[in-house]
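Observations on the three-dimensional arrangement
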Amino acid sequence: MVISFCQAVVTCVLLVWFVRVTDGMPDPAHRDLLLRQEASRQTGGTVTLTAAEQKLDSYLRRLKEQEMSAAQFLPALHFFKAKPLIQKSSIFKLLQKMPKGAALHVHGSSLVSVEWLVKNVTYRPNCYICFTWDNSVRFLFSDRQPFPRWDCFYWQLLETLRARVGDPTGFDNSLMQHLTLFTEDPDNQYPNQDVVWEKFEKAFIAAAGLITHAPVLRDYFYRGLEELHSDNIMYVELRSGLSRTYDLDGTIHDKVWTLKTFQEVTKKFIADHPDFVGTRIIISVHRALSVSEVTAAVKEAIQLQRDFPDIVAGFDIVGREDGGRTLWYFRKALSLPAELGATLSYFFHAGETDDEGTDVDQNVLDALLFNTKRIGHGYALAHHPLAKELSRKGNVAVELCPISNQVLKLVSDLRNHPATVLMAEGHPMVISSDDPSLFGTTGLSYDFYQAFVGIGGLKANLGTLKELAGNSIK
Ligand SMILES: *[C@@H]1O[C@H](CO)[C@@H](O)[C@H](O)[C@H]1NC(C)=O
Ligand SMILES: [Zn+2]
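Residues numbered from 1 in each chain as written. Chains lettered and ligands numbered in written order. Predicted model: local features only at pLDDT ≥ 70, side-chain atom pairs only at ≥ 80, totals over all residues. Heavy atoms only, no water.

A short note on the pattern of salt bridges
What the rule picks out here adds up to 23 salt bridges. Here Lys-393 ties to Glu-389 by a salt bridge, and the two come within 3.5 Å at their closest N and O atoms. Of this pair, Lys-393 and Glu-389 both sit in helix α17 (residues 385-393), four residues apart, which is roughly one turn of that helix. Of the residues examined, Lys-393 reaches a relative accessible area of 69% and is grouped as exposed. The class of Glu-389 is partly exposed, set by a relative accessible area of 45%. (Salt bridge = Lys/Arg side-chain N within 4 Å of Asp/Glu carboxyl O. Helix = DSSP H or I, 4+ residues; strand = E, 2+ residues; numbered from the N terminus. Buried < 20%, exposed > 50% of the residue type's maximum accessible area, 1.4 Å probe, protein only.)

Topic: empty space enclosed by the protein
Counted by the stated rule, this structure contains three cavities of 30 Å³ or more. Lining the largest cavity are Ser-109, Ser-110, Val-112, Leu-117, Leu-179, Ala-203, Phe-204, Ala-207, Ile-211, Tyr-220, Ser-437 and Leu-438. Of all elements in the fold, only α10 (193-211) and α20 (436-439) reach the threshold of two or more residues within the lining of the largest cavity. Class assignment for the residues of the lining of the largest cavity results in nine nonpolar, three polar and no charged. Approximately 50 Å³ is the volume attributed to the second largest cavity. (1 Å grid on protein atoms, 1.4 Å probe; cavity = no way out; pocket = protein on both sides within 12 Å on 5 of 7 lines; lining within 4 Å. Points joined across faces, edges and corners; volume = space filled by probe spheres on them. Nonpolar A, V, L, I, M, F, W, Y, C, P; charged D, E, K, R; others polar.)

Things to note about the UniProt feature "domain: Adenosine deaminase" (unreviewed entry) in the protein chain
Here, the residues flagged by UniProt with the feature "domain: Adenosine deaminase" (unreviewed entry) are residues 192-473. Helix makes up 48% of residues 192-473 and strand 15%. Its end C-alpha atoms lie 36 Å apart. (UniProt positions renumbered as here; feature names shortened; annotations may be inferred.)

Regarding the nonpolar core
Of all hydrophobic cores here, the largest spans 128 residues; its most connected members are Leu-181, Phe-315 and Leu-334. Lining this core are residues from two domains, each supplying at least three of them: domain 1 (79-112 + 211-473) and domain 2 (116-193). Those residues in contact with Leu-181 that sit more than four places away from it in its chain are Phe-80, Tyr-190, Val-196, Lys-199, Phe-200, Val-407, Leu-408, Leu-438 and Phe-439. (Core = buried A, V, L, I, M, F, W, Y, C linked by side-chain atoms within 4.5 Å. Domains from an automatic or database assignment. Contact = heavy atoms within 4.5 Å.)

Thoughts on the sheet that holds strand β3 (residues 137-141)
Judged by pairing direction, the sheet is antiparallel, and its three strands sit side by side in the order β3-β2-β4 without closing on themselves. Lying at the two open borders of the sheet, with one neighbouring strand each, are β3 and β4 (156-157). Direction of pairing for strand β2 (residues 127-131) relative to β4: antiparallel, over a ladder of two bridges. Residue Tyr-128 lies in a different strand from β4, and its bridge partner there is Leu-157. Each of β2 and β3 is contacted by α10, which is oriented at about 10° to β3, the strand it contacts most. (Pairing = 2+ DSSP bridges. Axes fitted to C-alpha atoms, helices over the stretch in contact; angles between N-to-C directions.)

A look at the sheet that holds strand β10 (residues 349-350)
One open sheet holds the four strands; their spatial order is β10-β11-β12-β13, and the pairing between them is parallel. Each of the sheet's edge strands pairs with one partner strand only, and the pair in question is β10 and β13 (429-431). As defined by bridge partners, strand β11 (residues 374-377) adjoins strand β12 (residues 397-400) across three bridges and the pair is classed as parallel. Within the sheet, the bridge partner assigned to Gly-376 lies in β12 and is Glu-399.

Observations regarding the coordination of the zinc ion (ligand 2)
Each protein donor to the zinc ion (ligand 2) is listed here as His-105 (NE2), His-107 (NE2), His-349 (NE2) and Asp-434 (OD); together their distances run 2.1 to 2.2 Å. Around the zinc ion (ligand 2) sit four donor atoms; with metal-centred angles ranging over 83 to 170°, the donor geometry is irregular. Take His-105: its relative accessible area is 0%, and that puts it in the buried class. (Donors = N, O, S within 2.8 Å, 3.2 Å for Na, K, Ca; no water. Tetrahedral: all angles 85-135°; square planar, octahedral: opposite > 155°, others 65-115°.)

Some remarks on the packing of helix α3 (residues 51-68) against helix α5 (residues 90-97)
Interhelical geometry of α3 versus α5 gives an angle of 140° and a closest axis separation of 9 Å. By the criterion of interaxial angle, the relationship of α3 to α5 is oblique. Residues Leu-56, Tyr-59, Leu-60, Leu-63, Lys-64 and Glu-67 of α3 form the contact with α5, whose own contacting residues are Ser-90, Ile-91 and Leu-94. For the contact of α3 with α5, the class distribution of residues is six nonpolar, one polar and two charged. (Parallel < 35°, antiparallel > 145°, perpendicular 65-115°, else oblique.)

Brief notes about the state of the cysteines
Summed over the entire model, instances satisfying the criterion amount to one disulfide. For Cys-130, the disulfide goes to Cys-152, at an S-S distance of 2.2 Å. In this structure, the disulfide formed by Cys-130 and Cys-152 twists by about -105° around the S-S bond and is classed as left-handed. Taken together, the residues Cys-130 in strand β2 and Cys-152 in the loop between β3 and β4 connect sequence positions 22 residues apart. (Disulfide = S-S within 2.5 Å.)

Considering the UniProt feature "domain: Adenosine/AMP deaminase N-terminal" (unreviewed entry) in the protein chain
Taking the UniProt record as the reference, the feature "domain: Adenosine/AMP deaminase N-terminal" (unreviewed entry) is found at residues 30-95. The span residues 30-95 shows a helical share of 70% and a strand share of 0%, and its end C-alpha atoms are spaced 36 Å apart.

Some words on helix α4 (residues 79-88)
One full turn of an α-helix is made of 3.6 residues, so residues set three or four places apart face in the same direction. The set of residues buried in α4 consists of Phe-79, Phe-80, Ala-82, Lys-83 and Ile-86. Along the long axis of α4, the arc covered by the buried residues comes to 140°, so they all point the same way. The elements touched by buried residues of α4 are α5, α9 (186-189), α18 (402-407), α20 and α21 (445-455). (Arc of directions from axis to C-beta.)

Considerations on the site of ligand 1
Taken together, the residues surrounding ligand 1 are Trp-116, Asn-120, Arg-124 and Asp-219. One nitrogen or oxygen atom from the side chain of Asn-120 is found 2.3 Å from an oxygen atom belonging to ligand 1. Its free accessible area being 370 Å², ligand 1 has 33% of it covered by the protein chains. Taken together, the residues that form the shell around ligand 1 break down as one nonpolar, one polar and two charged. (Near = heavy atom within 4 Å. Polar contact = N/O pair within 3.5 Å; in protein donor to acceptor, adjacent residues only side chain to side chain. Areas by Shrake-Rupley, 256 points an atom, 1.4 Å probe, with all protein chains shown as cover.)

Here's what the structure looks like:
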């Protein structure tokens, strides 16, 4: 038993020692050694710091001690209440300056802040709005009065409506409310997961009419890269369904057009910001689709990855896991690339659930069985020892999105997030933002703050930050 744990000589010696000391006052030197041993296992635990970095590390630790002893511990609050306080935090300000590497779990349709969507996009000419029976909104750019649709009977020119309402600030704020989950009263507005997810899906649909207007998509994507770049991020992988886009006269563009647009805008952005490295797309479909629809999407993704190898990273299935179809349900579709002798990388959302033991809870294992390159969320991973081992051995990183998990009500106090265990063990992990516009974040600094202060606690240090950023590049 002891022998099988002997990965390093030090560990062997330690274990033998451990066995020998049985009673009386524990040897303080032994205790120190154990503490150091344990600390070395955490994320960043073996990173060596230069003298200058050690100085910064002590400074960070002092700041963290202050924040932990403050009247309100911010990662314990709902992010919507904590956000203005986090903005004042010295740790947060340092994190904003830190090079954070790559943002690897961001959904394309929630990339850009809603302020920009409302203040910029809805002020463009030919923008129509319609209020649906379920108190949601739809937008449409059109060069003529749009026809009524099943969900929209009466379209109004936004410019005319705005002039008639007379309170542009109040009106714009109400529009923003339709496009984001952000609110000052999250506890009453979102009493449970079902309610928050319903609003979540509605906000996506409301934003779609704006973002899928072809000229807007270009600006939107460029703006999204600007927001990431100004938060010191050098690369992004976007989950995107590559929705069809439309022109003023109703002309429709296909997925290839959207991919080419992503490619062109990225090129232009890099020309304007030479320190930015690039963008890739993880083609995503919704788990509400049927097996045959997902099969068709997998086939198409194989072709698109072949045609655009520099911009298509792979494939994912998205949408709420709880109550949704499992990866195993789609097993026939997902084995298609192997059957065809084709390659298609998978980047599955898996284990974004706290329903332990349900079919959905097995998504983490199935994602690994299908050779996923990373695990989106992996919130459930900590209580699947075997899947956890596979993920660790295969270096399949968990994409940890702390604010998303809190806002979507998997956890309230981030000190109780299961990633505390993963981080203490140095499990491969990257930090990401999931749906920045819906949660009211930009870049990765807010999520880094929550991971560093809330989940990592006092023991997460500068080495932890270095390793997290380094992981995203690896
Ligand atoms: C909207 O954004 C575009 C592209 O980013 C920019 O050129 C334009 O000046 C903006 N307009 C307003 C009103 O802010
Ligand atoms: Zn996601």
